[in-house]
Amino acid sequence: MSIFTTFGQKHLYRIAETKKLTMGKEILSFEPKEVFVPVVDPVTSKPVDLKVAVGDEVKEGQLIGTRPENGLPVFASVSGKIVREETLFHANLGRNVKHFVIENDLKHVKVEPLKELGDDATSEEIVARMKEVGLSGHGGAGFPTFIKYQGVTTKNIDTILINAVECEPFLTTDHEAMLKNKEEILKGISFMIKVAGAEKAYIVYKKGNPDLDEAYADLSSYPNIEVRKVKNVYPAGWERYIVKATLKRTYNRLPAEANVIVNNVTTCLMLAKAMKGEVETRKVITVSGNGVQNPNNVELPIYTRAIDVIEFLGGYVGESVSVSFGGPMCSRGVMDDKAVILPFNNALTILPRIKLDTLPCLRCGACTEHCPSGLQPVEIKQAYQAKNMDRMLALTPWHCIACGLCSYVCPSKIDVNDFVKKAKLMTSVQLKKMEAQKSKEGK
Ligand code: SF4
Ligand code: SF4
């Protein structure tokens with residue numbers, strides 16, 4: 001079996017059709033024999049401050065260690081014994097790192113739940129609970145939720161937007177969560193409103209979802225929560241898009257500049273569970289695409305290896321596939337299908353690999369025309385290839401949201417997004433150098 005990094009390959013996504021592969025199907029439950037807990041920070045790759053060691057017995061939800069940068073916890077996702085260390089590929093870091101392997105005893109021996117916090121919890125208690133359970137955004141990026149809410153009362157937030165757009169092809173976990181967990185989601189949103197001191201929250205999803213319309217028609221018990229719908233287009237789930245589409249507001253760097261906080265809908269569900277005292281050890285992910293035998297949403301322990309759940313669903317279709325941690329537009333195929341599901345991963349997309357020959361740029365302008373950030377991807381590509389830093393800086397590649405549309409629409413099958421990504425990295429290093437130089441000269 002070959003696993004390839006692919007992007008820019010043409011899959012003509014009819015988004016609604018791709019979602020039908022898993023939507024409405026019964027969620028399957030998977031129990032791997034082993035889970036593989038990365039013992040490094042998923043962003044900085046610095047070693048976790050460990051509280052356990054190889055040979056220790058652990059319970060489900062027991063603290064394995066804390067992340068060095070922000071103190072967020074890493075929990076055991078199953079009960080059993082830490083039997084060894086193993087080096088595995090990490091999908092977020094893009095390289096091999098150390099993991100603790102826990103042999104699953106299949107007994108689900110859990111740690112004592114945390115103290116339940118009710119409607120009378122203070123804002124400080126809610127933020128502390130977000131941190132205590134390591135709550136991260138479930139939209140795919142994994143930004144720690146407590147950071148959005150810490151000191152939030154100074155930011156004049158008037159609105160919380162709950163992002164349930166799920167605009168990527170194939171993904172359906174948010175949609176299913178909304179249908180199955182309405183009360184808990186509304187509860188989670190209420191806690192967010194309270195912390196931020198906001199007046200209103202809007203749950204934002206795409207037009208053309210009659211089942212959600214029906215489920216969320218009656219919100220009379222929550223007078224400060226309403227539904228808003230956006231167009232059924234990609235990338236309608238982009239934060240800037242939903243802030244503009246629902247509130248007619250714009251911002252430069254962060255939604256808080258427009259007095260808004262944006263949270264993914266499953267994050268609200270997880271907050272409600274956290275307030276009840278639950279630590280997140282399991283999650284539902286979409287495992288879909290034309291490269292897996294039986295696409296389905298699967299409930300599994302966090303830190304399950306991708307290959308284990310793919311085999312649970314019958315394995316790959318064909319000999320050559322790409323496996324992406326996330327949807328096919330924003331994420332790339334990984335080099336190794338033994339990488340594990342992280343707390344903030346919401347999908348595995350498995351697609352047949354199609355060999356494509358890249359043609360020279362036609363100067364058709366399609367990439368520029370479709371870029372939602374208003375960039376000129378083809379110009380950025382050329383500036384990057386010419387190593388022209390001044391031109392790259394002028395073209396502001398740091399505004400790229402990595403939506404992948406430029407690569408998707410390119411008739412020459414050029415992975416334009418990849419060049420923009422490299423230019424973004426190069427210019428961010430250069431900007432830091434320039435800032436350091438400026439402050440040195442200022443002293
Ligand atoms: S990946 Fe970046 S450059 Fe390409 S269309 Fe999306 S925002 Fe624009
Ligand atoms: S879409 Fe492709 S062919 Fe057209 S201008 Fe952009 S890079 Fe060139």
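What you see is a predicted model, and the numbers here were worked out from it, not measured in a lab.

**Looking at the overall build of the protein**
Here's step 1: Summing up its helical and strand segments, the protein has 14 helices and 17 strands in all.
Here's step 2: For 443 residues, the compact-globule estimate of 2.2 N^0.38 gives 22 Å, and the protein sits close to it at 22 Å.
Here's step 3: Dimensions of the protein, computed from C-alpha atoms along their principal axes, come out at roughly 60 × 60 × 50 Å.
Here's step 4: A total of 443 residues make up the protein; the buried ones form 53% of that total.
Here's step 5: For the protein, contacts bridging at least 24 residues in sequence account for 71% of all contacts bridging at least 6.

**Observations regarding the layout of surface pockets**
Here's step 1: Here the second largest pocket defines a volume of roughly 710 Å³.
Here's step 2: Contributing to the lining of the second largest pocket are 33 residues, with M270, K273, E278, E280 and R282 lying nearest its centre.
Here's step 3: When residues of the lining of the second largest pocket are traced back to their parent elements, those giving at least two are helix 4 (173-180), helix 8 (265-276) and strand 14 (282-288).
Here's step 4: For the lining of the second largest pocket, the residue count by class is 11 nonpolar, 10 polar and 12 charged.
Here's step 5: In terms of domain composition, the lining of the second largest pocket takes at least three residues from each of domain 1 (2-111 + 279-352) and domain 2 (123-276).

**Quick word on the confidence of the model for the protein**
Here's step 1: Per-residue pLDDT for the protein averages 91, and the proportion of residues at 70 or more is 97%.
Here's step 2: For residues 1-12, every residue scores under 50 in pLDDT, and the model assigns this stretch 53 contacts once sequence neighbours within four places are set aside.

**Quick word on the pairing of strand 15 (residues 296-301)**
Each regular strand carries side chains that alternate between the two faces of the sheet.
Here's step 1: Within strand 15, 5 of the 6 residues are buried, which leaves the element mostly enclosed by the surrounding structure.
Here's step 2: The pairing of strand 2 (residues 28-29) with strand 15 spans 2 bridges and is parallel. Looking at the pairing, L28 lines up with V298 of strand 15.
Here's step 3: Relative to strand 15, strand 14 is paired through 6 bridges, and the arrangement is antiparallel. In the sheet register, V287 faces strand 15, and the bridge partner there is N296.

**Examining the side chain of S77**
Here's step 1: Along the chain, S77 turns up in the loop between strand 7 (73-75) and strand 8 (80-90).
Here's step 2: Classification of S77 as buried rests on a relative accessible area of 1%.
Here's step 3: Separated by 2.6 Å, the side chain of S77 and the backbone oxygen of I302 make a polar contact.
Here's step 4: If we skip the residues at most four places from it in the chain, S77 touches V35, E60, T281, P301, I302 and Y303.

**Examining helix 7 (residues 239-247)**
Here's step 1: Regarding helix 7, the residues found buried are I242, V243, T246 and L247. Each buried residue of helix 7 sits inside an arc of 100 degrees when the element is viewed along its axis, so together they form one side.
Here's step 2: In this structure, the buried side of helix 7 is in contact with strand 10 (159-163), strand 11 (200-206), strand 12 (225-230) and strand 13 (260-264).
Here's step 3: Two residues or fewer after helix 7 comes K248, characterised by a positive phi angle close to 60 degrees.

**A look at the sheet that holds strand 3 (residues 34-38)**
Here's step 1: Here we have 4 strands laid out as an open sheet, ordered 3-9-8-5, and antiparallel in their pairing. The strands lining the two open edges of the sheet, one partner per strand, are strand 3 and strand 5 (57-58).
Here's step 2: Across 5 bridges, strand 3 lies against strand 9 (residues 95-104) in antiparallel orientation. Across the sheet, V37 pairs through a bridge with F100, a residue of strand 9.

**Focus: the sheet that holds strand 7**
Here's step 1: Read across the open sheet, the 3 strands follow the order 4-6-7; overall the sheet is antiparallel. Both edges of this open sheet fall to strand 4 (49-50) and strand 7, since each of them pairs with a single strand only.
Here's step 2: Note that strand 4 and strand 6 (residues 63-66) share 2 bridges and pair antiparallel. Residue pairing in the sheet places L50 in a bridge with G65 of strand 6.

**Considering the site of ligand 2**
Here's step 1: In the neighbourhood of ligand 2, the contacting residues comprise C361, L362, R363, C364, G365, A366, C367, V378, C410, P411, S412 and V416.
Here's step 2: The residue makeup of the shell around ligand 2, split by class, is 9 nonpolar, 2 polar and 1 charged.

**Things to note about empty space enclosed by the protein**
Here's step 1: Following the criterion strictly, the structure yields 4 cavities of 30 Å³ or more and no others.
Here's step 2: Considered as a void within the structure, the largest cavity measures approximately 270 Å³ in volume.
Here's step 3: Here the element with the most residues in the lining of the largest cavity is strand 7; it accounts for 3 residues.
Here's step 4: Across the lining of the largest cavity, the residue classes break down as 13 nonpolar, 4 polar and 2 charged.

Cut-offs and rules
- Residues numbered from 1 in each chain as written.
- Chains lettered and ligands numbered in written order.
- Predicted model: local features only at pLDDT ≥ 70, side-chain atom pairs only at ≥ 80, totals over all residues.
- Heavy atoms only, no water.
- Helix = DSSP H or I, 4+ residues; strand = E, 2+ residues; numbered from the N terminus.
- Rg over C-alpha atoms; globule rule 2.2 N^0.38 Å.
- Buried < 20%, exposed > 50% of the residue type's maximum accessible area, 1.4 Å probe, protein only.
- Contact = heavy atoms within 4.5 Å.
- 1 Å grid on protein atoms, 1.4 Å probe; cavity = no way out; pocket = protein on both sides within 12 Å on 5 of 7 lines; lining within 4 Å.
- Points joined across faces, edges and corners; volume = space filled by probe spheres on them.
- Nonpolar A, V, L, I, M, F, W, Y, C, P; charged D, E, K, R; others polar.
- Domains from an automatic or database assignment.
- pLDDT = per-residue confidence, 0-100.
- Pairing = 2+ DSSP bridges.
- Polar contact = N/O pair within 3.5 Å; in protein donor to acceptor, adjacent residues only side chain to side chain.
- Arc of directions from axis to C-beta.
- Near = heavy atom within 4 Å.

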